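Given next are the chains, with one letter for each unit.
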Amino acid sequence: TLPGDTDTVDVTFDSTGLAPGTYTGNLCVESNDPDPGPGNETDLVIVPVELIVEDQGGPEPLECNAPAVEFEGGIGSDWTVVVSAGPVYWSTTDDLAACDNGGNLTPGANGEAACADSDQTNGAGTPYDTELWSNSFDLSAASAASLQFDADYNDILTADLFEVWVWDSGVGTLALQWNEDHNETVVLDLTGWTGVADVQVSSRDHADGWDWWAQVDDVSLACE
């Protein structure tokens, strides 16, 4: 920056997967100005920054015999998005390009659906791996349980996979894996997890390159 001149710096925040709340940090600007004053009279200027993630509502927690989770109004704070590789992440059909163009393609086709859209790679063939995790739910008093959801998965390559995992206190078991197109209502038997107080389910979409999309909607948990 020349003497008497200014430069504009754009600072970008990414709140993907963050729970609602206030996040703070510092933007550090180094200077080789021979006269660092006025100000804090240092070669390192520290600018505090703040990111406020608001709760946008969204679905209620997944609970036994509760109404189905429909993902209206976003993913919501009770569900968690995890991105392990690449730019793709779970959002909803009113937010992502290919998902928005096609809308909710699950069998129920009711309102919005949770969606992972490979168009977020911009067609560059970037490997990606993203998961949508439910809240923890309690099956300790159940004698039988099943998970039901509507899904639409559009597959293109042999390395592209859609999976559903069931987690017992952080230990995962692969319950479903697709490597071809599917549009159906799925019912998974969770009886093997009855008596467990800390159970979660996750939907995983991953590929070695540019794929199509995965959609999940109307997720419900039936318990006896």
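Residues numbered from 1 in each chain as written. Predicted model: local features only at pLDDT ≥ 70, side-chain atom pairs only at ≥ 80, totals over all residues. Heavy atoms only, no water.

J.: I'm lost on the packing of aromatic side chains in this one. Help?
T.: In this description, an aromatic ring pair is defined by two values, namely the gap between the centres and the angle between the planes. Under the definition given, this model contains six aromatic pairs. Relative to Trp-213, the ring of Trp-212 has its centre 5.9 Å away and its plane inclined at 80°; by these criteria the two rings are edge-to-face. Note on Trp-212: relative accessible area 38%, which makes it partly exposed. For Trp-213, a relative accessible area of 14% translates into the label buried. Ring pairing ties together the aromatic residues Trp-133, Trp-165 and Trp-167, which thus form one cluster. (Phe/Tyr/Trp six-rings, centres within 6.5 Å; stacked < 30°, edge-to-face > 60°. Buried < 20%, exposed > 50% of the residue type's maximum accessible area, 1.4 Å probe, protein only.)

J.: Would you take a moment to explain the nonpolar core for this structure?
T.: Proteins that are soluble and globular tend to have nonpolar side chains buried together. Residues Leu-62, Trp-90, Leu-139, Phe-149, Phe-162 and Val-219 are the most contacted members of the largest nonpolar core, which totals 38 residues. At the level of elements, strand E5 (114-117), strand E6 (128-133), strand E7 (145-154), strand E8 (161-168), strand E9 (171-178), strand E10 (182-189), strand E11 (199-207) and strand E12 (213-223) are the ones that each hand at least two residues to this core. Residues contacting Phe-149, with those up to four places away along its chain left out, are Val-164, Glu-184, Thr-185, Val-186, Leu-188, Val-216, Asp-217, Asp-218 and Val-219. (Core = buried A, V, L, I, M, F, W, Y, C linked by side-chain atoms within 4.5 Å. Helix = DSSP H or I, 4+ residues; strand = E, 2+ residues; numbered from the N terminus. Contact = heavy atoms within 4.5 Å.)

J.: Can you walk me through the environment of Ser-77 in this structure?
T.: Mapping Ser-77 onto the fold places it in the loop between strand E2 (44-53) and strand E3 (80-85). Under the relative-accessibility criterion, Ser-77 is labelled partly exposed at 36%. Put simply, Ser-77 and Glu-60 are 17 residues apart on the chain and 8.6 Å apart in space, counted from C-alpha to C-alpha.

J.: Would you mind showing me how to read the sheet that holds E7 here?
T.: Spatially, E4-E5-E12-E7-E10 is the arrangement adopted by the five strands of the open sheet, whose pairing is antiparallel. Only two strands of the sheet have a single neighbouring strand rather than two, namely strand E4 (90-92) and E10. Strand-to-strand twist of the sheet, defined as the mean angle between neighbouring strand axes without regard to direction, takes the value 30°. Here E7 runs beside E12; their pairing, made up of nine bridges, is antiparallel. The residue bridging Ala-145 from the neighbouring strand is Cys-223, located in E12. (Pairing = 2+ DSSP bridges. Axes fitted to C-alpha atoms, helices over the stretch in contact; angles between N-to-C directions.)

J.: Just to check I follow, could you spell out a nonpolar patch on the surface for this structure?
T.: The grouping of Val-9, Val-11, Phe-13, Leu-27, Val-29, Val-45 and Val-47 at the surface amounts to a nonpolar patch, some 530 Å² of accessible area in total. Mapped by element, the contributors of at least two residues to the nonpolar patch are strand E1 (21-30) and E2. Assessed through its relative accessible area of 34%, Val-47 is described here as partly exposed. (Patch = residues over 30% accessible without salt bridge, like charges linked within 9 Å, V, L, I, M, F, W, Y side chains within 5 Å. Areas by Shrake-Rupley, 256 points an atom, 1.4 Å probe, with all protein chains shown as cover. Salt bridge = Lys/Arg side-chain N within 4 Å of Asp/Glu carboxyl O.)

J.: Before we go on, may I ask you to explain the environment of Ala-114 in this structure?
T.: Secondary-structure assignment places Ala-114 in strand E5. The class for Ala-114 is buried, based on a relative accessible area of 0%. For the pair Ala-114 and Ala-151, spaced 37 residues apart in sequence, the C-alpha separation works out to 9.5 Å. In this structure Ala-114 touches Phe-71, Ile-75, Trp-90, Ser-91, Thr-92, Leu-132, Ala-214, Gln-215 and Val-216, once residues within four positions along its chain are discounted.

J.: Sorry, what's going on with the sheet that holds E6 here?
T.: Remark on secondary structure: sheet strands pair via backbone hydrogen bonds, oriented parallel or antiparallel. As summarised here, the arrangement of the five strands in space is E3-E6-E11-E8-E9, forming an open sheet in which the pairing is antiparallel. Whereas interior strands pair on both sides, the edge strands pair on one side only; in this sheet they are E3 and E9. Averaged over all neighbouring strand pairs, the angle between strand axes comes to 20°, with direction disregarded. In this structure, E3 lies alongside E6, joined through five bridges in antiparallel fashion. Paired with Thr-80 across the bridge in E6 is Trp-133.

J.: Explain the pattern of salt bridges here, please?
T.: Side-chain pairs of opposite charge can arise where the charged atoms are in close proximity. Inspection of the entire model under this criterion finds two salt bridges. In this structure, Arg-204 and Asp-129 form a salt bridge, with 2.6 Å as the shortest nitrogen-oxygen distance. Remark: Asp-129 occurs in strand E6 and Arg-204 occurs in strand E11; sequence separation between them is 75 residues. Summarising the burial analysis for this pair, Arg-204 and Asp-129 share the class buried. A salt bridge links Glu-163 to Arg-204; its shortest N-O distance comes to 3.2 Å. Here the residue Glu-163 occupies a position in strand E8, and Arg-204 occupies one in strand E11, the gap between them amounting to 41 residues. Because the salt bridges share partners, they merge into one network encompassing Asp-129, Glu-163 and Arg-204.

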